[in-house]
Amino acid sequence: MRTASRFVIVIIFLGVVLGGIFGYKFYQFGQMEEQFSQPQPPAKISATTAKTEKWTPELKAVGSVEAINGIEVANEVPGVVETISFESGDTVNKGDVLIRLDAAIDEAALRTRRAEAQLAEQEFKRVSDLLPKRAVSQSQYDEAKANFDAARARVNEAEAQLSKKVIRAPFDGKLGLRLIDQGQYIGTGTAIVEINMLDPIYVDYTLSEKDLPRVDRDYDVVATVAAVPDRTFEGKVSAINTSVNPETRTVRIRATLDNEDNLLRPGMFATISTRQPEDRDVITIPRTAISYNTYGDYVFVVEENDDGDLIVNRRTVQTGNTRDGRVAVTDGLEEGEQVVSKGLLRLRAEQRVEIQDDSDKPAEASD
């Protein structure tokens, strides 16, 4: 009997404990179900209103800075460098002497040619004086004249050859690094120094063929480069290529920029905006109000449901140019519509919201 009584007591005790546990868990599930059944509090958001602004339409592109004139100066004839008249980085004018090659042999050849020309001239004058007296024949006169002309031509040839021993700046510009040394023998076509005309300067870029009707000569251009991020360079479209690249379907554009400070250098990567002459009305919103997605850009539009509560709905939009932190919306949004300006990732469609911060309202002055 004692064993049976003990067994009953244990069973009763276990029943009470398990009943208590199950009861508590049932109470917890009830509380959780009650919580889930209650409506979620509205999400606090910042909102802004789509507004119409006057913007100058522009076409964005990337390109490369090019010198109007830019070459590596080289020699036409071989020789030994006798004098160097410049330093790396100098600014030179057209015609300034850069280097002189040893010209002793050429100078001697020129003196010989001049002596030959002087003798031929004297012979020609003597024959010319005798021709009216019929002391010489016409053929002798013609031969003397031809010899004199040939002698003068040889003098000109020797002078031209000698002048090639002096290398001059072909145009106004800024020199690069000196590539030759004093006393060095240089063969024909040896690079001496790079020279570039830097002001004004070109920027070459390409646009899609569909944008060709939207660009013309003398349209304003604004360029920026990574080397001078806080500076913009202004200019105008100076030329448009006459053909479209059949492989890329793009057309090459060239603009001329002011470069008084020589901050732009040939070869720099540039971002270019080509602006059209007339302003247009565009609907704009802040960049933070748009979620950029592979499948399309979208915004969350603030609307009112049937119960009068504010909710948000996701809407796909088409975007255009960006300027001063605002984006032009070309399709999908109307003027005056309210959109969420921050915190888009934590929102879902038809979620109740409460506008905590309206970025369009001016901030109130504190007391």
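This structure is a prediction, so every number in the text was calculated from the model and none was measured.

## Structural notes on the overall build of the protein
Stage number 1. Regarding its fold elements, the protein presents three helices and 23 strands.
Stage number 2. Taking 21 Å as the expected radius of gyration for a compact globule of 367 residues, we find that the protein reaches 43 Å, considerably beyond that expectation.
Stage number 3. Looking at the protein residue by residue over its 367 residues, the buried ones come to 31%.
Stage number 4. At a minimum sequence separation of 6, the contacts of the protein that also span at least 24 residues come to 74%.
Stage number 5. Carbon together with sulfur atoms contributes 50% to the accessible area of the protein, which is approximately 23,600 Å² in total.
Stage number 6. Here the protein carries 45 positive and 60 negative side-chain charges, and the mean point of each set is 4 Å from the other.

## Topic: unusual backbone geometry
Stage number 1. In this structure, proline 200 follows aspartate 199 across a cis peptide bond, with omega equal to -5°.
Stage number 2. Here proline 200 shows up in the loop between strand 11 (191-196) and strand 12 (201-208).
Stage number 3. For aspartate 218, which is not glycine, the phi dihedral falls at a positive 75°.
Stage number 4. Among the secondary structure elements, aspartate 218 is positioned in the loop between strand 12 and strand 13 (220-225).
Stage number 5. Unlike most non-glycine residues, arginine 249 shows phi in positive territory, near 55°.
Stage number 6. Summarising the element assignment, arginine 249 is placed in the loop between strand 14 (228-244) and strand 15 (250-257).
Stage number 7. Arginine 249 sits in the partly exposed class, given a relative accessible area of 45%.

## Here we look at the environment of glutamine 182
Stage number 1. One can find glutamine 182 in the loop between strand 9 (173-178) and strand 10 (185-186).
Stage number 2. Note: C-alpha distance between glutamine 182 and leucine 101 (81 residues apart in sequence) is 9.8 Å.

## Some points on the nonpolar core
Stage number 1. Ranked by internal contacts, the top residues of the largest apolar core, which has 24 residues, are Tyr205, Leu207, Leu257 and Leu264.
Stage number 2. Elements with a contribution of two residues or more to this core: strand 3 (58-66), strand 12, strand 13, strand 14, strand 15 and strand 16 (269-275).
Stage number 3. The residues contacting leucine 207, other than those within four sequence positions of it, are Leu59, Lys60, Ala61, Val215, Arg249, Thr250, Val251 and Ile253.
Stage number 4. Grouped together as the second largest cluster of nonpolar side chains are 18 residues, Ala169, Phe171, Leu175 and Ile192 included.

## Observations regarding helix 3 (residues 138-163)
Structural remark: α-helix, 3.6 residues per turn; residues separated by three or four positions point the same way.
Stage number 1. In this model helix 3 runs 38 Å from its N-terminal to its C-terminal C-alpha over 26 residues, within 8% of the 38 Å that 1.5 Å per residue would give.
Stage number 2. Here helix 3 has its buried residues at Tyr141, Ala144, Phe148, Ala151, Val155 and Ala158.
Stage number 3. Lining the buried residues of helix 3 we find helix 2 (104-130).

## Some words on a negative patch on the surface
Stage number 1. Negative charge collects at one region of the surface, where Asp199, Glu234, Asp258 and Glu260 lie side by side.
Stage number 2. Here aspartate 258 is to be found in the loop between strand 15 and strand 16.
Stage number 3. Given the relative accessible area of 52%, aspartate 258 is considered exposed.

Calculation notes
- Residues numbered from 1 in each chain as written.
- Predicted model: local features only at pLDDT ≥ 70, side-chain atom pairs only at ≥ 80, totals over all residues.
- Heavy atoms only, no water.
- Helix = DSSP H or I, 4+ residues; strand = E, 2+ residues; numbered from the N terminus.
- Rg over C-alpha atoms; globule rule 2.2 N^0.38 Å.
- Buried < 20%, exposed > 50% of the residue type's maximum accessible area, 1.4 Å probe, protein only.
- Contact = heavy atoms within 4.5 Å.
- Areas by Shrake-Rupley, 256 points an atom, 1.4 Å probe, with all protein chains shown as cover.
- Lys, Arg positive; Asp, Glu negative; His and termini not counted.
- Charge placed at Lys NZ, Arg CZ, Asp CG, Glu CD.
- Core = buried A, V, L, I, M, F, W, Y, C linked by side-chain atoms within 4.5 Å.
- Expected span 1.5 Å × (residues − 1).
- Patch = residues over 30% accessible without salt bridge, like charges linked within 9 Å, V, L, I, M, F, W, Y side chains within 5 Å.
- Salt bridge = Lys/Arg side-chain N within 4 Å of Asp/Glu carboxyl O.

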